[in-house]
Amino acid sequence: MAKEKARIKVELPKGFKAITGGGFHTWDFEAEPVIQGSIVKFGETPSKYKGKPPQKYCVISTTKGERTVWESAALAPLFDCKKGKEVFISFDGRKKIPGRDKPMKLFTVATR
């Protein structure tokens, strides 16, 4: 896994008010295999590949802060939930799939 670069904290000029949070706090499922919290919002970003659909994500508010979870086949049920729904997600490991170079990531998604 790539090492995260140090972030630079910039002081805003007088009279300015921040309207963004300073980037995504993507969920690192290997360092934090379980998250629980409420869905704050859904969104999408343009794909970095020409002709591909946008990449969807949802932001979950946890006790450790907000976590951004990106859509994948294993996490598809999460994206059927409504904003405000309490969710529990755990990373269950990887499974080798014949004919694929990379193993599939396995998750459990639950709601209350």
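Residues numbered from 1 in each chain as written. Predicted model: local features only at pLDDT ≥ 70, side-chain atom pairs only at ≥ 80, totals over all residues. Heavy atoms only, no water.

Observations concerning the overall build of the chain
Stage number 1. Counting its secondary structure elements, the chain contains zero helices and five strands.
Stage number 2. Going from the N terminus to the C terminus, the chain shows its helices and strands as β-β-β-β-β.
Stage number 3. Out of the 112 residues belonging to the chain, those deemed buried represent 24%.
Stage number 4. Residue pairs at least 24 apart in sequence account for 46% of intrachain contacts in the chain once pairs closer than 6 positions are excluded.
Stage number 5. When the accessible area of the chain is evaluated, it comes to approximately 9000 Å², of which 55% is carbon and sulfur surface. (Helix = DSSP H or I, 4+ residues; strand = E, 2+ residues; numbered from the N terminus. Buried < 20%, exposed > 50% of the residue type's maximum accessible area, 1.4 Å probe, protein only. Contact = heavy atoms within 4.5 Å. Areas by Shrake-Rupley, 256 points an atom, 1.4 Å probe, with all protein chains shown as cover.)

Looking at the pattern of salt bridges
Stage number 1. Counted by the stated rule, this structure contains three salt bridges.
Stage number 2. A salt bridge links arginine 94 to glutamate 30; the nearest nitrogen and oxygen atoms lie 2.3 Å apart. You can see arginine 94 sitting in strand S4 (residues 86-95) and its partner glutamate 30 sitting in the segment before strand S1 (34-45), a full 64 residues away along the chain.
Stage number 3. Judged by its relative accessible area of 42%, arginine 94 is partly exposed.
Stage number 4. You can call glutamate 30 partly exposed: its relative accessible area is 42%. (Salt bridge = Lys/Arg side-chain N within 4 Å of Asp/Glu carboxyl O.)

Here's the deal with the side chain of serine 90
Stage number 1. Relative to the assigned elements, serine 90 resides in strand S4.
Stage number 2. Within the local environment of serine 90, its side chain forms a polar contact with the side chain of aspartate 92, the two groups lying 3.0 Å apart.
Stage number 3. Other than its neighbours up to four places away in sequence, serine 90 contacts Pro33, Val34, Leu106, Phe107 and Thr108. (Polar contact = N/O pair within 3.5 Å; in protein donor to acceptor, adjacent residues only side chain to side chain.)

By themselves, these observations are geometric and do not establish any function.
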